[in-house]
Protein chains: 2
Amino acid sequence: MAKPSIVGVDWGSTNLRAFRFDAEGEIAEVRRAESGARTLRGAAFADVLETLISDWIDDQSRIVTCGMAGGREGWTEAPYANCPVDMHALAGSVIRAPAKFADVWIVPGAKSIRDDGRVEVMRGEETQILGGLENERAPAIVIAPGTHSKWARVENGRLVSFRTYMTGELFALLKAHSILGRTMDVSAPHDAAAFDLGVHRALEDKGLLNLIFSTRSEVLFEHLSPAAAPSYLSGVLLGAEVGEALDRTPFTRDTPIFLVGDPGLAGRYAQALAIAGHNQVQTLDGERAAARGLWRIALERGA
Amino acid sequence: MAKPSIVGVDWGSTNLRAFRFDAEGEIAEVRRAESGARTLRGAAFADVLETLISDWIDDQSRIVTCGMAGGREGWTEAPYANCPVDMHALAGSVIRAPAKFADVWIVPGAKSIRDDGRVEVMRGEETQILGGLENERAPAIVIAPGTHSKWARVENGRLVSFRTYMTGELFALLKAHSILGRTMDVSAPHDAAAFDLGVHRALEDKGLLNLIFSTRSEVLFEHLSPAAAPSYLSGVLLGAEVGEALDRTPFTRDTPIFLVGDPGLAGRYAQALAIAGHNQVQTLDGERAAARGLWRIALERGA
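As the structure is a prediction and not an experimental result, all values here were calculated from the model.

Asks: Give me the sheet that holds strand β9 (residues 110-113) of chain A: which residues, what numbers.
Replies: One open sheet accounts for 3 strands, arranged β5-β9-β10 (chain A); its pairing is mixed. Every other strand in the sheet has two partners, leaving β5 (81-82) and β10 (119-122) of chain A as the edge strands with one partner each.

Asks: Explain the sheet that holds strand β5 (residues 81-82) of chain B residue by residue, including any values.
Replies: All names here are of chain B. An order of β5-β9-β10 is seen for the 3 strands of this open sheet, with the pairing classed as mixed. Pairing within the sheet leaves two strands with one partner each, and these edge strands are β5 and β10 (119-122). Examined bridge by bridge, strand β9 (residues 110-113) and β10 share 4 bridges and lie antiparallel to one another. Directly across from K111, in β10, lies its bridge partner V121.

Asks: Tell me what's going on with the pattern of salt bridges, and back it up with residues and numbers.
Replies: All names here are of chain A. Scanning all chains against the criterion turns up 40 salt bridges over all chains. With a closest N to O distance of 3.3 Å, D103 and R62 form a salt bridge. Highlighted residues: D103 in strand β8 (residues 103-106) and R62 in strand β4 (residues 62-67), separated in sequence by 41 residues. For D103, a relative accessible area of 14% gives the class buried. Among the residues examined, R62 registers a relative accessible area of 23% and is labelled partly exposed.

Asks: Explain the pairing of strand β15 (residues 281-285) of chain B to me, using residue names and the numbers behind them.
Replies: All names here are of chain B. Note: strand β14 (residues 257-261) against β15, 5 bridges, orientation parallel. Paired with F258 across the two strands is Q282, which belongs to β15. Handedness of the β14-helix α9 (residues 263-275)-β15 crossover: right-handed.

Asks: Go over the interface of chain B and chain A with me, naming the residues and quoting the values.
Replies: On the chain A side, the residues contacting the 47 residues of chain B number 47 residues. A combined buried area of about 3,900 Å² lies between chain B and chain A, and 60% of that area is made up of carbon and sulfur atoms. Applying the counting rule to chain B against chain A returns 6 salt bridges. When the shortest N-O distance is used, the salt bridge between R118(B) and D205(A) registers 3.8 Å.

Asks: I'd like a rundown of helix α8 (residues 229-248) of chain B, residues and numbers included.
Replies: With 20 residues, α8(B) extends 29 Å between its outermost C-alpha atoms, agreeing within 8% with the 28 Å of an ideal straight helix rising 1.5 Å per residue. Within α8(B), 18 of the 20 residues are buried, leaving the element largely enclosed by the surrounding structure.

Asks: Please provide a residue-by-residue account of helix α6 (residues 208-220) of chain A, values included.
Replies: All names here are of chain A. End to end, α6 covers 19 Å across 13 residues, agreeing with the expected 18 Å (1.5 Å per residue, within 8%). The axis of α6 is deflected most strongly, by about 30 degrees, at S214. Buried residues dominate α6, accounting for 12 of its 13 residues. Among all positions of α6, only L208, L209, N210, L211, I212, F213, S214, T215, R216, S217, E218 and V219 are buried. A positive phi of about 60 degrees marks E222, the residue just after α6.

Asks: Mind laying out the nonpolar core, listing which residues take part and the relevant values?
Replies: Counting 83 residues, the largest nonpolar core has L174(A), I212(A), L174(B) and I212(B) as its most contacted members. In this structure, M87(A), A91(A), V107(A) and L284(A) belong to the second largest nonpolar core, which totals 35 residues.

Asks: An account of the packing of aromatic side chains is needed here, citing residue identities and associated values.
Replies: Enumeration according to the criterion identifies 14 aromatic pairs over all chains in this entry. Consider the rings of F21(B) and W295(B), whose centres lie 5.5 Å apart with planes at 50 degrees: the pair is tilted. Residue F21(B) is located in strand β2 (residues 16-21), and its partner W295(B) is located in helix α10 (residues 286-300); the two are separated by 274 residues in the primary sequence. With respect to class, F21(B) is no different from W295(B); both count as buried. Grouping aromatic residues by their ring pairs yields a cluster made of W11(A), F45(A) and W75(A). One residue, R123(A), lies across the ring of Y80(A), its end atom 4.2 Å from the ring centre. The ring of W105(A) is capped by R301(A), whose NZ or CZ atom sits 5.6 Å from the centre of that ring.

Analysis parameters
- Residues numbered from 1 in each chain as written.
- Chains lettered and ligands numbered in written order.
- Predicted model: local features only at pLDDT ≥ 70, side-chain atom pairs only at ≥ 80, totals over all residues.
- Heavy atoms only, no water.
- Pairing = 2+ DSSP bridges.
- Helix = DSSP H or I, 4+ residues; strand = E, 2+ residues; numbered from the N terminus.
- Salt bridge = Lys/Arg side-chain N within 4 Å of Asp/Glu carboxyl O.
- Buried < 20%, exposed > 50% of the residue type's maximum accessible area, 1.4 Å probe, protein only.
- Right-handed = clockwise from strand over helix to strand, strands pointing away.
- Contact = heavy atoms within 4.5 Å.
- Buried area = accessible area lost by both parts, 1.4 Å probe.
- Expected span 1.5 Å × (residues − 1).
- Bend = angle between axes of the 7 residues up to and from the residue.
- Core = buried A, V, L, I, M, F, W, Y, C linked by side-chain atoms within 4.5 Å.
- Phe/Tyr/Trp six-rings, centres within 6.5 Å; stacked < 30°, edge-to-face > 60°.
- Lys NZ or Arg CZ within 6 Å of the ring centre and 35° of its normal.

By themselves these figures say nothing about function.
Right under this line is the structure:
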């Protein structure tokens, strides 16, 4: 009998990516769709996925899905696994999703409870982070930049704890809906000098409510062009995140830092970290890391 | 010959208030309109004002206007006066606005240049702050809370310097457009306990990008109700502003703090300041303070 074919799906709020694996777990093919979990309810998840990958599937196929498909308003709720958590624990907590066309498992998100009782959660990044760092045994910091950026501590293949920073969503909101957007050319290309200026100021100043507003006054007084303003604001926000997170993350100079995610955005974080004095930052491709994590969970589960 | 009648106008971005003064400078009548400066161009300013107060006007009338009517896209641009600035300097820098129905003067905004060259600006608050504190000679801190909250140093009738915090606009954006708004009952009444919790956390934590996101997770894990969430977020943002501003404002325990503005919002700031250890805070009615400042500028100008 042939081995069952394995498919991995990273289902985010605004889009999804499906990976067809070969027998060794390498990515044979990737397909993307815009049907994010935020826009779907109930059986629509199965319909979207079947339409996207029906030609990949046979009787023996196994589909492993991480991300927002497991949220409370997703396909099937997969309760959060408590940190510290490893691949084995994630694989042991998968939930079956209702689907007629294939055998679908949903990976739980992860939950990190702080000393004061506040809870931090992620869905999808746990798979990406553990998938990206499966061979790293030493303590490390992993940053997954994005709409809700995550800073995680990882050690011995376990996700130990993490915090979330609302940086990406705030940047999008300020550009689209605030007074800052009105003195900005939001379609301008990245301006490295303006970005660096924003990072420097945020790391020195640490007063975000005042500093974000300078995006407007610096344009009004022609210290910045409207085209440079989005990069300045991006620098202010990433600099604030880096400053805030480094102050709160148990950390030594020797702790390696990994960035996992979109290469363009990871490059900006690497630059902000370099300005903060951290040059030994390694970047991992987020899509490959998520795929690797999904494959590993399928193996652990005994596909 | 009768004394000329004096009218004051505080013309904000989203609305305007007109004050008819009696011969002693007391407010005889107030009229309000929703025609904010943001929605008007050119001659529309004169049309709106004439419609609102034509029955107050005679040949001898003088109208003094502060706020966004003097902005670059307002009625007539009134360039910013440099800090330190007093009533006399403001009165000396008024600009005539084109109007056939009366003699209209526009008060300049104020500009505070920081050591690093960054520029802070206000339009309207300078009149309100100096009007509210005309009898205060000792050094004081004046806070004008709002969409773009101002913290000013005042001494000997002079506005010495100030900074702007984007708190109010950020609160409105996060409620209306962010993921936080989706787990919130935005129409709920003020929840004092949730507000205080947010202030405490912001003053202790000083990490805003992480802390604002807790508004969502605290609701998801039922530590906060959806009805309490807006007050919690308001507390987080006001606490962050108070912490940020107190750290940056030259200040001793004995320096009096004045709040000038809407009494409801000023009450929340007073509460946040009390949690930060400042109980000796005096609140001035913002409308009365603006009216007083407009009257004083008219007198200085020799109405």
